[in-house]
Amino acid sequence: MLESGVFTLENPSQLHLKERPALAGLPDLAVIRAEGADTLSFLDRIFTNRVSAIGEGAMISGWADAKGRLLAAPRIVRAGEDALHLVVPRETAPDFLKKLRLYVFRSKVRLEDVTERLPAAGLLGSEAGAARALEAAGLALPAAAWGVSRTEGACAVRMPDARGDVPLFSGAPARVLL
């Protein structure tokens, strides 16, 4: 509950988060796959930062209109040699995908909504608890923000740490996008 700028947990069942992380589906997020030989150069031209510098990790980027107004801020995750996953709010995904497709022209890029096959999930817990939970799935907890851990059919992206005090934690909890 948020009162006077202070967040408090009212439900005693939430106290387990220190030991056992919470895993939850994130149905409000959509995953769009961008794939093809020109994927990186195409997204470099569209987004506000160099997507080609992503390496094997992940990043957040922006897409602005001609006046500089932010249209979208996708989280971008490397999904293969010539493939990336763009994670955006589900309610804006159809328009986002439609507008992106307008700029493809002759670029060798395929854009597809893969949310049904690759639903997003989130993991929140202590550093040790999150590491144990990911280890059970064959993944390691990435050491730094935007770091990625992969296994066959799964990917974990470490999100930037929460700012300020978080109830129940003696430091920032581990936040992971799956």
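What you are looking at is a predicted structure, and each value in this text was computed from that prediction instead of being measured.

A. Region of the structure containing the overall build of the protein chain. Counting its regular elements, the protein chain contains 3 helices and 14 strands. Among the 178 residues that make up the protein chain, the fraction classed as buried is 37%. A separation of at least 24 residues holds for 56% of the contacts in the protein chain among residues at least 6 apart in sequence.

B. Region of the structure containing the pattern of salt bridges. Taken as a whole and judged by the stated rule, the model has 6 salt bridges. Salt-bridge contacts for R33 lead to E35; the nearest nitrogen and oxygen are separated by 3.3 Å. Residue R90 is joined to E116 by a salt bridge in which the shortest nitrogen-to-oxygen separation is 3.6 Å. Of this pair, R90 sits in the loop between β9 (83-89) and α2 (93-102) while E116 is found in the loop between β10 (110-113) and β11 (121-125), placing the two residues 26 residues apart along the sequence. For R90, a relative accessible area of 35% corresponds to the partly exposed category.

C. Inspection of helix α3 (residues 127-136) at higher detail. G129, A130 and L134 are the residues of α3 that are buried. Summarising the axial view, the buried residues of α3 lie within an arc of 130°, below the 170-degree limit, and thus occupy one face. Exposed residues lying more than 90 degrees from the buried face of α3 are E135 and A136. One or two positions beyond α3, positive phi appears at G138, with a value near 85°.

D. Representation of unusual backbone geometry within the structure. Positioned with a positive phi, F105 is a non-glycine residue whose angle comes to about 50°. Assignment of secondary structure puts F105 in the loop between α2 and β10. Taking relative accessible area as the criterion, F105 reaches 71% and is therefore assigned exposed. For W146, which is not glycine, the phi dihedral falls at a positive 70°. Among the secondary structure elements, W146 is positioned in the loop between α3 and β12 (148-151).

E. Quick peek at the pairing of β9. The buried fraction of β9 is high, at 6 of 7 residues. Looking at chain direction, strand β4 (residues 29-35) and β9 are connected through 7 bridges and run antiparallel. Following the sheet pairing, A30 is matched in β9 by V88. Relative to β9, strand β8 (residues 75-80) is paired through 5 bridges, and the arrangement is antiparallel. Its bridge partner lying in β9, V77 is registered against H85.

F. Region of the structure containing the nonpolar core. Core analysis: the biggest nonpolar cluster contains 23 residues, and L43, F47, I76, L86, F96 and L100 have the highest contact counts within it. When residues of this core are traced back to their parent elements, those giving at least two are β4, α1 (39-46), β9 and α2. No other element matches the 4 residues that α2 contributes to this core. If we skip the residues at most four places from it in the chain, F96 touches I32, F47, W63, A72, P74, L86 and V88. In this structure, L123, L134, L139 and A156 belong to the second largest nonpolar core, which totals 7 residues.

G. The arrangement of the pairing of β11 in detail. By the criterion of burial, β11 is predominantly enclosed, with 4 of the 5 residues buried. Examined bridge by bridge, strand β3 (residues 22-25) and β11 share 4 bridges and lie antiparallel to one another. Bridge pairing in β11 places G25 opposite A121.

Cut-offs applied
- Residues numbered from 1 in each chain as written.
- Predicted model: local features only at pLDDT ≥ 70, side-chain atom pairs only at ≥ 80, totals over all residues.
- Heavy atoms only, no water.
- Helix = DSSP H or I, 4+ residues; strand = E, 2+ residues; numbered from the N terminus.
- Buried < 20%, exposed > 50% of the residue type's maximum accessible area, 1.4 Å probe, protein only.
- Contact = heavy atoms within 4.5 Å.
- Salt bridge = Lys/Arg side-chain N within 4 Å of Asp/Glu carboxyl O.
- Arc of directions from axis to C-beta.
- Pairing = 2+ DSSP bridges.
- Core = buried A, V, L, I, M, F, W, Y, C linked by side-chain atoms within 4.5 Å.

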